[in-house]
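Listed here are the chains, written in short residue letters.
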Amino acid sequence: MRTAPDGLFKTLGDPTRRAIFERLARDGEQTVRVLTDHAGVSQPAVSKHLGILKLAGLVRDRRKGRETHYSAEPRGLAPLIDWMSFYGAFWRDRIDHLEDLLKRMDQ
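An account of the accompanying structure is given in this report. (Residues numbered from 1 in each chain as written. Predicted model: local features only at pLDDT ≥ 70, side-chain atom pairs only at ≥ 80, totals over all residues. Heavy atoms only, no water.)

Observations concerning a negative patch on the surface
Here is step 1 of the chain: A cluster of acidic side chains, namely D93, D96, E99 and D100, defines a negative patch on the protein surface.
Here is step 2 of the chain: Looking at the element boundaries, D93 is found in helix α5 (residues 78–106).
Here is step 3 of the chain: Under the relative-accessibility criterion, D93 is labelled partly exposed at 36%. (Patch = residues over 30% accessible without salt bridge, like charges linked within 9 Å, V, L, I, M, F, W, Y side chains within 5 Å. Areas by Shrake-Rupley, 256 points an atom, 1.4 Å probe, with all protein chains shown as cover. Salt bridge = Lys/Arg side-chain N within 4 Å of Asp/Glu carboxyl O. Lys, Arg positive; Asp, Glu negative; His and termini not counted. Charge placed at Lys NZ, Arg CZ, Asp CG, Glu CD. Helix = DSSP H or I, 4+ residues; strand = E, 2+ residues; numbered from the N terminus. Buried < 20%, exposed > 50% of the residue type's maximum accessible area, 1.4 Å probe, protein only.)

Quick word on the pairing of strand β3 (residues 67–72)
Here is step 1 of the chain: When you tally the buried positions in β3, you get 5 out of 6 residues, the bulk of the element.
Here is step 2 of the chain: The pairing of strand β1 (residues 30–31) with β3 spans 2 bridges and is classified as antiparallel. The partner of T31 across the bridge, within β3, is H69.
Here is step 3 of the chain: Taken together, the 6 bridges between strand β2 (residues 59–64) and β3 define a ladder with antiparallel strand orientation. If you follow R60 over to β3, its bridge partner there is S71.
Here is step 4 of the chain: As consecutive antiparallel partners, β2 and β3 are separated by 2 residues, and within that stretch G65 has a phi angle of approximately 65°, a positive value. (Pairing = 2+ DSSP bridges.)

Quick word on the packing of helix α2 (residues 15–27) against helix α4 (residues 43–55)
Here is step 1 of the chain: Between α2 and α4, the shortest axis-to-axis distance is 10 Å and the interhelical angle comes to 75°. Between α2 and α4, the angle falls in the class roughly perpendicular. Contact residues: α2 offers T16, R17, I20, F21 and L24, while α4 offers V46, H49, L50, I52 and L53.
Here is step 2 of the chain: Residue composition of the contact of α2 with α4, by class: 7 nonpolar, 2 polar and 1 charged. (Axes fitted to C-alpha atoms, helices over the stretch in contact; angles between N-to-C directions. Parallel < 35°, antiparallel > 145°, perpendicular 65-115°, else oblique. Contact = heavy atoms within 4.5 Å. Nonpolar A, V, L, I, M, F, W, Y, C, P; charged D, E, K, R; others polar.)

Points about the pattern of salt bridges
Pairing is possible between side chains that carry opposite charge, provided their charged atoms lie close to one another.
Here is step 1 of the chain: Summed over all chains, the structure comprises 6 salt bridges.
Here is step 2 of the chain: The shortest N-O distance in the salt bridge between R26 and D27 comes to 3.3 Å.
Here is step 3 of the chain: Here R26 falls in the exposed class, since its relative accessible area comes to 56%.
Here is step 4 of the chain: On the accessibility criterion, D27 (41% relative accessible area) is partly exposed.
Here is step 5 of the chain: Note that K54 is salt-bridged to D61, the shortest N-O span being 3.0 Å.
Here is step 6 of the chain: One connected set of salt bridges, linked through shared partners, spans R23, R26 and D27.

Structure below.
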């Protein structure tokens, strides 16, 4: 599922969700129990955050026996990367125009 930038900003705007995503991206696949040990919130809260991250396309899960293992889905960040690329080009263009103006003012 591809989420619009607004939805991704909202999803990652929560510090607990952002920390869970960052932990999965950095450390790889983990169970809810391991994530709960590091999250500073209850297991039901971690599960709820994981559900929101999954809906946003930022994590995936796989069942193994009685446990669910979660991993980051970095491709879910693509809409944010696209959004930032657009504005990066916008500001580069503006800065180029400003440099031209400053050069003309110096002359």
